[in-house]
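Here's the letter readout for the chains.
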Amino acid sequence: MNRSKAIIIGGGISGPAMALFLKKIGIEATIYEAQTRHRDDTGAFLGISPNGLNVLNEFITLETILSDYTPGKMTFFNAKNKQIGEIDNAS
């Protein structure tokens, strides 16, 4: 029995996604992350391209991703506190 193993460096979105794909084909993966604890000033938002949504759709339905994990409304401001954009995904 061939038991393949992999080491993944980095716990961002791609590290766990790669581990899940490797598990699907029978490869055990261990993820190593440089950060020792959660930080509130990093990783607050994640932009996912359509291709990234296709990858996530392998593990969770696109409907669930868009309804449960998408914020209702976000407003963006520049350094002078001027509103420069808004995304409204509220249902």
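1. Comments concerning the overall build of the protein
Here is step 1: Each helix and strand in the protein was counted, giving 3 helices and 4 strands.
Here is step 2: The helix and strand sequence of the protein, counted from the amino end, reads β-α-β-α-α-β-β.
Here is step 3: Looking at the 91 residues of the protein, the share that counts as buried comes to 9%.
Here is step 4: Intrachain contacts of the protein at a sequence separation of at least 6 include 20% that bridge at least 24 residues.
Here is step 5: Surface summary for the protein: the accessible area is close to 7800 Å², and the carbon and sulfur share equals 54%.

2. Structural notes on the pairing of strand β4 (residues 83–88)
Here is step 1: Sheet topology places strand β3 (residues 73–77) next to β4; 5 bridges connect them, and they run antiparallel. Residue Phe77 lies in a different strand from β4, and its bridge partner there is Gln83.
Here is step 2: The antiparallel hairpin formed by β3 and β4 contains 5 residues in its connecting segment, where Asn81 sits at a positive phi of about 65°.

3. Quick word on a nonpolar patch on the surface
Here is step 1: Side chains of Ile7, Ile9 and Tyr32 sit close together on the surface and give an oily, nonpolar patch of about 380 Å² of accessible area.
Here is step 2: Within the secondary structure, Tyr32 is located in strand β2 (residues 28–32).
Here is step 3: Take Tyr32: its relative accessible area is 48%, and that puts it in the partly exposed class.

4. Focus: unusual backbone geometry
Backbone geometry follows two general trends: most residues other than glycine have a negative phi, and most peptide bonds adopt the trans configuration.
Here is step 1: Here Asn81, not a glycine, exhibits a phi torsion of approximately 65°, which is positive.
Here is step 2: One can find Asn81 in the loop between β3 and β4.
Here is step 3: For Asn81, a relative accessible area of 60% gives the class exposed.

5. Things to note about the packing of aromatic side chains
The geometry of an aromatic ring pair is captured by the separation of the ring centres together with the interplanar angle, meaning the angle of the planes.
Here is step 1: Throughout the structure, instances matching the rule amount to 1 aromatic pair.
Here is step 2: Pairing Phe21 with Phe59 gives two aromatic rings, centres 4.9 Å apart and planes at 70°, and the pair type is edge-to-face. Here Phe21, found in helix α1 (residues 14–24), pairs with Phe59, found in the loop between α2 (50–56) and α3 (62–68); they are 38 residues apart in sequence, far enough to count as distant.
Here is step 3: For the cation-ring pair, Lys24 lies above Phe59, with the distance from its terminal atom to the ring centre recorded as 5.2 Å.

6. Remarks on α1
Here is step 1: Restricting attention to buried positions, one finds in α1 the residues Gly15, Ala17, Ala19 and Leu22.
Here is step 2: The secondary structure elements touched by the buried residues of α1 are β1 (5–9) and β2.
Here is step 3: Count one or two residues on from α1 and you reach Gly26, which has phi positive near 85°.

7. Looking at the environment of Thr30
Here is step 1: Within the element layout of this structure, Thr30 appears in strand β2.
Here is step 2: Judged by its relative accessible area of 34%, Thr30 falls in the partly exposed class.
Here is step 3: Along the backbone, Thr30 and Gly15 are 15 residues apart, and their C-alpha atoms lie at a distance of 9.5 Å.

Rules of the game
- Residues numbered from 1 in each chain as written.
- Predicted model: local features only at pLDDT ≥ 70, side-chain atom pairs only at ≥ 80, totals over all residues.
- Heavy atoms only, no water.
- Helix = DSSP H or I, 4+ residues; strand = E, 2+ residues; numbered from the N terminus.
- Buried < 20%, exposed > 50% of the residue type's maximum accessible area, 1.4 Å probe, protein only.
- Contact = heavy atoms within 4.5 Å.
- Areas by Shrake-Rupley, 256 points an atom, 1.4 Å probe, with all protein chains shown as cover.
- Pairing = 2+ DSSP bridges.
- Patch = residues over 30% accessible without salt bridge, like charges linked within 9 Å, V, L, I, M, F, W, Y side chains within 5 Å.
- Salt bridge = Lys/Arg side-chain N within 4 Å of Asp/Glu carboxyl O.
- Phe/Tyr/Trp six-rings, centres within 6.5 Å; stacked < 30°, edge-to-face > 60°.
- Lys NZ or Arg CZ within 6 Å of the ring centre and 35° of its normal.

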